[in-house]
Amino acid sequence: MQRVQGQRGRSLIGDRVMIPVRCYTCGRIISDVWDVYKERTKQEDPGQVLDDLDVKRYCCRRMFLAHAELIDEIAPYE
Amino acid sequence: MEVKIVDRGEKEVLIALSDVKVRFANALRRVMIAEVPTLAIDELAIRENTSLLYDEQLALRLALVPLKTDLKDYKEDEQITLTLKATSPEKAGHTMVYSKELIASDPKVEAASENIPIVKLISTEREIGGIKTVARQKIALDAIARWGIGREHAKWQPVTICSYRNESDGDERSLLFTVEGDGSLPVDEIILEAARIMQEKCERMVEALKELS
């Protein structure tokens, strides 16, 4: 069977695994508050949490909202 | 030209420039983005990496960590070594490796933000033929930080948002400048250094023209 390569760039795969260090668009450091965001959104509204964490611009906010943390899921298939 | 500080925070500075041409403000903006030097990790010597990230991904994440920089120490070819060593726990579980665990050869250099997760090291328990073992993950590396400018790579860019907009208050018109730093340099220092670099360039231009005439 022929394997078709994924269309996404390989570098993006790393960002699926862990939260990117900076915002793709503006370059602001966002990963330092990811742990807090993850913990607080279990109960609170994500928008409110991002306001509290001083993540103002929508380019940075989408980094949190659109992120899928996959590192624990790929761990067994190392 | 008149400069007024509208807001001066630790990470963000707002200044209003009046009696100034837009092209001057734009030149200042471009120098701040592309020509103010900072330190950033540029090369890695990876001794061991059994983590879930490829070496390249680890390198990119480390390069994007802003390092605290002192412009007074600027030396073009200076190299600062930072070491990072971490192992996942003995029992099944995980440890998160943060940017604060980077140890530099120069005590003045450290990550500007302590809690940037670099990689998550996971220990998994496996049972093969009735025998339980724990597979641990480890990283050990030496990173070399160098001086550089934003024109070469965005990791050396000291500012994130650096822009201006037109503001008019009645008859008064000014350009409202927003400068947000990434933590590697204090924001006021970025603005001053950019102005100094522009001045130096103009002086060099004058020198060059003098030689011609």
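Keep in mind that this is a model prediction, so the values were computed, not measured.

**Quick word on the nonpolar core**
- Counting residues in each nonpolar core, the largest one holds 57 residues, and the members touching the most others are Met32, Ile41, Leu82, Val119, Ile139, Phe177 and Val179 of chain B.
- Lining this core are residues from two domains, each supplying at least three of them: domain 1 (2-36 + 158-212) and domain 2 (38-150) of chain B.
- Beyond its immediate chain neighbours, meaning those up to four positions away, Met32 of chain B contacts Pro158, Val159, Cys162, Phe177, Val179, Ile190, Ile191 and Ala194 of chain B.
- Cys23, Leu50, Leu53 and Cys60 of chain A belong to the second-largest nonpolar core, a separate cluster that totals 15 residues.

**Digging into the side chain of Glu35 of chain B**
All names here are of chain B.
- Tracing the backbone through its elements, the reader meets Glu35 in the loop between helix H1 (22-34) and strand S3 (38-49).
- On the accessibility criterion, Glu35 (15% relative accessible area) is buried.
- Side chain to side chain, Glu35 and Arg151 meet in a polar contact 3.0 Å long.
- Side-chain polar atoms of Glu35 contact the side chain of Lys201, separated by 2.9 Å.
- Other than its neighbours up to four places away in sequence, Glu35 contacts Arg30, Ile149, Arg151, Ile197 and Lys201.

**Notes on the confidence of the model for chain A**
All names here are of chain A.
- Across chain A, pLDDT averages 83, with 79% of residues at or above 70.
- At the level of individual helices and strands, chain A shows its lowest average pLDDT in helix H1 (residues 10-17), which scores 58, and its highest in helix H3 (residues 46-52), which scores 96.
- Confidence over residues 1-12 falls short of pLDDT 50; this stretch has 5 contacts with residues more than four positions distant or in other chains.

**Observations regarding the packing of aromatic side chains**
- Per the counting criterion, the structure on display carries 5 aromatic pairs over all chains.
- A centroid spacing of 5.0 Å and a plane angle of 80° characterise the contact between Tyr74 of chain B and Trp147 of chain B, whose relative ring orientation is edge-to-face. With Tyr74 of chain B in the loop between helix H2 (55-63) and strand S4 (79-87) and Trp147 of chain B in strand S9 (residues 138-148), this pair connects stretches of sequence that are 73 residues apart.
- Overall, the relative accessible area of 39% leaves Tyr74 of chain B in the partly exposed class.
- Taken together, the aromatic side chains of Trp34, Tyr37 and Phe64 of chain A make up a single cluster linked through ring pairs.
- Over the ring of Tyr98 of chain B we find Lys100 of chain B, and its NZ or CZ is 5.3 Å from the ring centre.

Calculation notes
- Residues numbered from 1 in each chain as written.
- Chains lettered and ligands numbered in written order.
- Predicted model: local features only at pLDDT ≥ 70, side-chain atom pairs only at ≥ 80, totals over all residues.
- Heavy atoms only, no water.
- Core = buried A, V, L, I, M, F, W, Y, C linked by side-chain atoms within 4.5 Å.
- Buried < 20%, exposed > 50% of the residue type's maximum accessible area, 1.4 Å probe, protein only.
- Domains from an automatic or database assignment.
- Contact = heavy atoms within 4.5 Å.
- Helix = DSSP H or I, 4+ residues; strand = E, 2+ residues; numbered from the N terminus.
- Polar contact = N/O pair within 3.5 Å; in protein donor to acceptor, adjacent residues only side chain to side chain.
- pLDDT = per-residue confidence, 0-100.
- Phe/Tyr/Trp six-rings, centres within 6.5 Å; stacked < 30°, edge-to-face > 60°.
- Lys NZ or Arg CZ within 6 Å of the ring centre and 35° of its normal.

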